[in-house]
Structures are given as C-alpha cells and as structure tokens.
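This is what each chain is made of:
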Amino acid sequence: MSNFGEDIDLAADLWGTVVAVQANFYQVQLDSKGYSSQEGYPSLLCTRRSRLKKIGQTVMVGDRVLVEEPNYTDGQGVIAEVLPRKTELKRPPVANADRVLLVFALEEPSLDVWQLSRFLIAAELTQLSPYLCLNKKDLIPTVEQQQWRSRLLEWGYDSIILSVAQNQGLEEIKQQLAGKITIIAGPSGVGKSSLINKLIPAVNLRVGKVSGKLQRGRHTTRHVELFELPSGGLLADSPGFNKPELECNPIQLVRCFPEARERLAMGQCQFSDCLHRDEPNCIVRGDWERYEHYLVFLEDAIARQEVLNRTPDAESNFKLKIKGSGERSYEPRLESKKYRRQSRRSRHQDLQTLYDEEDW
C-alpha cells in the first residue's frame, strides 16, 4: 500500500465514513483522493472532539464525519464534525443506511415462514428498502425454488435464489449492493458470514456451523461493522439475532404488510382507527396468506402498548427481561422502599435507641 501522507492534500478537508465503533474510538474510512479501489483508501483510528461530547453529538457506524489532525504514520485522527443523518437505526445502530438485505436458507435450516415474516416486518419498520435472498438452492429441487419465489411474490417481495457454496447468484447481489450502505440480517446458520466472505474476500469472517441438534446456527458476529465492497458500497454485518423486536404502534402495523398496503390503496376502511379484525366494512380483512400473521403480531403490539401506557414513565416502573431465546418482556419493578433490606447501621441505631429508652 502506498504512503498515504504523500498522496493526500493536507490543506483540504478530510471527509470519511465511520466503519466501526468501539468504546470511544472510531475507525474512519477516508474518501478517495486519487487512490484506486485495488490499492485501498486510508483508514484512521479516531477519537472525537470534546466539544461534540458536550453538545450531545453521538458518532455512529455509517456517519459522515470531518477528520482533523490526521497522523498517517500512526494511523490516527480526530473527528471534528458529523454531518446530518439521512437515516438512523437503533438496532442495529447504523446511520445513513439505504436498504436491508435479508438472508434466509431454503434448507439446513428449513425456511420458517413465521420467522421470515417477522424479519420482513422488522425490515419494513426501518423504512428502508428490504431485499430478500434465499440461500442454499442446491439443497432443494428447482420446482420448489420456483414455488417459494411465487409465494413470496404474493407477499409483495421479489427475491433472488442463490447458492453461496456454488457461487450462484452472487453477481446479481453485487449489482444490488453497489454504491449503497446495506445492512445484512437474518437468522443464524443461513450463510450470512459465508456470503460476506464471497462478496468481500479480504474480510474472512468467522463462519459458524449449524447445530445438528437444534438446526440453528451459532452466532459469529459480536458488533456492527461496515465492510467496503470491491464494486463500491458498504455492507453492515449486524450481530446475529433469532427474533427481532417489533416495536410499533398497533395502528401502524398493517402498513408493514405489502398485501395490506395494496388493499388500502384501493379504498378506506369505515373507521379511521380500524385494526382490521372484526370491524365492519374493513377492506384489509380477507383470505391473504399472511393475514393470520398480522393478527398474531397485532396482539403482541397491543400487549406491548398496554404495558407502555400504564404509566408515563414506563421504563422506571417496569424492567425489561430478556430470555435466552432473545424474547423480550416487561415486568413490574418491586417498590424499593418496601422490599429493601434494612442496613446493618440502621439496625444498630434502632437497637441503641431502644436501649436508651429503656435505660431512661
């Protein structure tokens, strides 16, 4: 790799993209200044100005930042400014993302339509464009592949069917990802890490084996990081999760289903707050495949909303409990004064008071 200090105009502003965050350090990939894609662009490990911390300016993966005081010998710099974000996600914490790439397997593990539906809704809630790819096509007949694709088209999603192991369908994905910041997500064991290794050979991510007993993959990713695609664009590999949280208002949930949006585009329900269950003159209710999914997820959304509505300060009165499966639930906190054990000093003081009273 060339000497970056000789090729960069130090008088010009240095802009780059944050590709990784750990503690108070930020890995920033600087914009191209005369480098070829084969040669690579300089990357600096940066801190942020204390001024940004004072004004409450956070720095996220995907942020566009201004770098000052670059030291190319030590590979360090300081973030002085953060540009306004086009988009901002909390889980995973990524800024300026353009789309979500959902990766599922057709077999090993077999495709679970309920799990797929949940991931698609979570992707819709990000308000980013979801892009669906189904891996391991080499494990099922061509007829079944086409049946899956036709079924998903009825859901409102086009999909690419590929085989990472046999290098089939990779070129189409590269074209879809070029020039964009994409978040890749999906269950464990479906081939996400293997796909990234194919798209970006230099990354060499750890690949998790699928558990033969549970038919679930072991998580191999522990933090969010952006990887540069050779054809242009950045790919965010988010920490693996089996059941994404669906945090939305019950009224908004229906908009996460393309099938329902299509029905709503043709007219309106009789009631503006229709939940599309038993209300009269509802145009959404019908025999579309995922209507049952909608009803189940709606009950979850209503239950969550009821918990949040019990008090204006729900976080202080309810604690979030996360089970081993990743499922979240809220439980009331115990009243600290009522159940807190009395301190030893207080007990001794009470005993001393009783002794003094008796002595008096």
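These numbers come from a predicted model, not from an experiment.

What counts as what
Here, residues in each chain are numbered from 1, in the same order as that chain's written sequence. Predicted model: local features are reported for residues with pLDDT of at least 70 only, side-chain atom pairs are reported and counted for 80 or more only, and whole-chain, interface and lining totals are derived from all residues. To get the side-chain values, all heavy atoms of the structure are used, and hydrogens and water are removed first. By this definition, two strands are paired if DSSP reports at least two bridges between them. Helix and strand definitions follow DSSP, with helices as H or I runs of at least four residues and strands as E runs of at least two, each counted in order from the N terminus. In this scheme, a residue with accessible area under 20% of its type's maximum is buried, one over 50% is exposed, and one in between is partly exposed, where area comes from a 1.4 Å probe on protein chains only. Contacts: residue pairs with any heavy atoms within 4.5 Å of one another. UniProt positions are given in the numbering used here, feature names are shortened, and annotations may be inferred rather than shown by experiment. Basic side-chain nitrogens of Lys or Arg form a salt bridge, by our definition, when they fall within 4 Å of a carboxyl oxygen of Asp or Glu. Note that patches include only residues with greater than 30% relative accessible area and no salt bridge, and the join distances are 9 Å for like charges and 5 Å for nonpolar side chains (Val, Leu, Ile, Met, Phe, Trp, Tyr). Per-residue and other accessible areas were derived by the Shrake-Rupley procedure at a 1.4 Å probe size, with only the shown protein chains allowed to occlude residues. When charges are counted, Lys and Arg are positive and Asp and Glu negative, with His and the chain ends excluded. Note that the charge is assigned to NZ on lysines, CZ on arginines, CG on aspartates and CD on glutamates. The term nonpolar core refers to a set of buried residues drawn from Ala, Val, Leu, Ile, Met, Phe, Trp, Tyr and Cys, joined through side-chain atoms within 4.5 Å. Geometry is summarised by axes, namely lines fitted to C-alpha atoms with helices restricted to the contacting stretch, and by angles between N-to-C directions that run from 0 to 180 degrees. In a left-handed crossing the near helix is turned counterclockwise from the far helix by less than a right angle, and in a right-handed crossing that turn is clockwise. Here a polar contact means two N or O atoms within 3.5 Å. Within protein one must be a hydrogen donor candidate and the other an acceptor candidate, and residues neighboring in sequence count only if both atoms are side-chain atoms. Two rings from Phe, Tyr or Trp (for Trp, the six-membered ring) form a pair when their centres sit within 6.5 Å of each other. Planes less than 30 degrees apart are called stacked, planes more than 60 degrees apart edge-to-face, and all others tilted.

Draft legend 1. The pairing of strand E4 (residues 64-71), seen in detail. Across four bridges, strand E1 (residues 14-22) lies against E4 in antiparallel orientation. The residue bridging Trp15 from the neighbouring strand is Leu66, located in E4. Note: E4 against strand E5 (residues 76-82), five bridges, orientation antiparallel. By the bridge assignment for E5, Val65 is matched with Val82. What sits between the antiparallel neighbours E4 and E5 is a turn of four residues, in which Gly75 has the positive phi angle 70°.

Draft legend 2. Structural context of helix H6 (residues 192-199). With respect to burial, H6 is a largely interior element, six of its eight residues being buried. Those residues of H6 lying buried are Lys192, Ser193, Leu195, Ile196, Asn197 and Leu199. Close packing links the buried residues of H6 with strand E8 (99-105), strand E9 (129-135), helix H5 (170-177), strand E11 (181-185) and strand E13 (234-237).

Draft legend 3. Main features of the UniProt feature "binding site: Zn(2+)" (unreviewed entry) in the protein chain. As annotated by UniProt and renumbered to match this structure, "binding site: Zn(2+)" (unreviewed entry) occupies Cys269, Cys274, His276 and Cys282. Beyond its immediate chain neighbours, meaning those up to four positions away, Cys269 contacts Leu264, Cys274, His276, Asn281, Cys282, Ile283 and Val284. Structurally, Cys282 can be placed in the loop between helix H8 (258-265) and helix H9 (291-309). The contact partners of Cys282, leaving out residues within four places of it in the chain, are Cys269, Cys274 and His276.

Draft legend 4. View of the pattern of salt bridges. All told, the structure shown has twelve salt bridges when counted by the stated rule. As a salt-bridge pair, Glu171 and Lys174 come within 3.5 Å of each other at their nearest N and O atoms. One end of the pair, Glu171, and the other, Lys174, are both in helix H5, three residues apart, so they sit about a helical turn from each other. Here Arg277 makes a salt bridge to Glu299, at a shortest N to O gap of 3.0 Å.

Draft legend 5. Just a negative patch on the surface, in detail. On the surface, a cluster of negative charge is made up of Glu107, Glu108, Asp138 and Glu144. Counting through the fold element by element, Asp138 comes out in the loop between E9 and helix H4 (142-155). For Asp138, a relative accessible area of 36% corresponds to the partly exposed category.

Draft legend 6. Representation of H8 within the structure. Turning to H8, its buried residues are Pro258, Glu259, Ala260 and Leu264. Where the residues of H8 are buried, they touch helix H3 (113-125) and H4.

Draft legend 7. Expanded view of the nonpolar core. Core analysis: the biggest nonpolar cluster contains 31 residues, and Leu102, Leu116 and Leu134 have the highest contact counts within it. Among the elements of the structure, E8, H3, E9, H4, E11 and E13 are those that each provide at least two residues to this core. Here this core gets five residues from one element, more than from any other, and that element is H3.

Draft legend 8. Quick look at the packing of H3 against H9. Between H3 and H9, the shortest axis-to-axis distance is 11 Å and the interhelical angle comes to 60°. Judged by the twist between their axes, the crossing of H3 over H9 is right-handed. The segment H3 lies against H9, with Val113, Trp114, Ser117, Arg118 and Ile121 engaging Glu292, His293, Val296, Phe297 and Asp300.

Draft legend 9. Inspection of the environment of Ala105 at higher detail. Among the secondary structure elements, Ala105 is positioned in strand E8. Since its relative accessible area comes to 2%, Ala105 is described here as buried. Expressed as a C-alpha distance, the spacing of Ala105 and Lys137, which sit 32 residues apart in the sequence, is 8.1 Å. Filtering out sequence-adjacent residues up to four positions away, Ala105 remains in contact with Ser110, Leu111, Asn135, Lys136 and Val190.

Draft legend 10. Expanded view of the side chain of Asp63. On the secondary structure map, Asp63 appears in the loop between helix H2 (50-54) and E4. Within polar-contact distance, the side chain of Asp63 engages the backbone nitrogen of Met60 at 2.6 Å. When neighbours within four sequence positions are excluded, Asp63 is seen to be in contact with Gly16, Thr17, Val18, Thr58, Val82, Arg85, Ala95 and Asn96.

Draft legend 11. Geometry of the environment of Ala20. Take Ala20: it is sitting in strand E1. On the accessibility criterion, Ala20 (15% relative accessible area) is buried. Between the C-alpha atom of Ala20 and that of Phe227, which follows or precedes it by 207 residues, the distance is 9.1 Å.

Draft legend 12. Focus on the packing of aromatic side chains. Throughout the structure, instances matching the rule amount to six aromatic pairs. Judged by centre distance (5.3 Å) and plane angle (85°), the rings of Phe104 and Phe119 are edge-to-face. Here Phe119 lies in helix H3 and Phe104 lies in strand E8, a separation of 15 residues in the sequence. As far as the burial class goes, Phe104 and Phe119 line up, both buried.

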